[in-house]
Amino acid sequence: MCQVQLVLNNISQEKAQTVKKALEPDNVDFPEGLSLYVENIDNKLVFNFESKKNMKHLIGTIDEVLEHIQVALKVIE
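Residues numbered from 1 in each chain as written. Predicted model: local features only at pLDDT ≥ 70, side-chain atom pairs only at ≥ 80, totals over all residues. Heavy atoms only, no water.

Novice: Looking at this structure, how should I read helix α2 (residues 55-76)?
Specialist: Taking 1.5 Å of rise per residue, 22 residues should cover 32 Å, and α2 covers 32 Å from first to last C-alpha, within 8% of that figure. Within the sequence span of α2, burial applies to Leu-58, Thr-61, Ile-62, Val-65, Ile-69 and Ala-72. Taken down its axis, α2 places every buried residue within 100 degrees of arc, on the same side. Away from its buried face, by an angle of more than 90 degrees, α2 presents the exposed residues Lys-56, Ile-59, Val-71, Lys-74 and Val-75. Contact partners of the buried residues in α2: β1 (2-8), α1 (13-23), β2 (34-41) and β3 (44-51). Capping of α2 at its N-terminal end is provided by Asn-54; its side-chain oxygen lies 2.7 Å from the backbone amide nitrogen of Lys-56. (Helix = DSSP H or I, 4+ residues; strand = E, 2+ residues; numbered from the N terminus. Expected span 1.5 Å × (residues − 1). Buried < 20%, exposed > 50% of the residue type's maximum accessible area, 1.4 Å probe, protein only. Arc of directions from axis to C-beta. Contact = heavy atoms within 4.5 Å. Polar contact = N/O pair within 3.5 Å; in protein donor to acceptor, adjacent residues only side chain to side chain.)

Here it is in C-alpha cells:
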C-alpha cells in the first residue's frame, strides 16, 4: 500500500470549497484500489491519496487531480 499527501497552503476557505466541489465528480468513479480523501484544515487544503494496487495508476491519478486543481484555481481568479 502507498499513501501520498498533498497540501495546498494559504488557501482561503472560499477557494478551498470551490476546488473541493470541482473535484467531486472525479472522485465518484475512482479506479479500483485507489482512494482520495480531501479535507480543509485551517487555511490548508489536504489531499490524501491511497493506493492498494498499481503505483502507476496512483501517479497518473495524482497528476490528473493536480491538473484539475490548477484549472479550478485559474477559473476562480
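Novice: Is there a simple way to explain the sheet that holds β2 in this structure?
Specialist: Each strand in a sheet pairs with another by means of backbone hydrogen bonds, the pair being arranged parallel or else antiparallel. Spatially, β1-β3-β2 is the arrangement adopted by the three strands of the open sheet, whose pairing is antiparallel. Each edge of the open sheet is held by one strand with a lone partner, namely β1 and β2. In this sheet, neighbouring strand axes are inclined to one another by 15 degrees on average, regardless of whether the strands run parallel or antiparallel. (Pairing = 2+ DSSP bridges. Axes fitted to C-alpha atoms, helices over the stretch in contact; angles between N-to-C directions.)

Novice: Explanation requested: the pattern of salt bridges in the structure shown.
Specialist: Here the idea is simple: oppositely charged side chains can pair when their charged atoms come close. Enumeration over the complete set of coordinates arrives at one salt bridge. Of the charged contacts, one joins Lys-53 and Glu-32 as a salt bridge, the two residues approaching to 3.2 Å between their closest N and O atoms. Here Glu-32 lies in the loop between α1 and β2 and Lys-53 lies in the loop between β3 and α2, a separation of 21 residues in the sequence. In terms of burial, Lys-53 and Glu-32 fall into one category: exposed. (Salt bridge = Lys/Arg side-chain N within 4 Å of Asp/Glu carboxyl O.)

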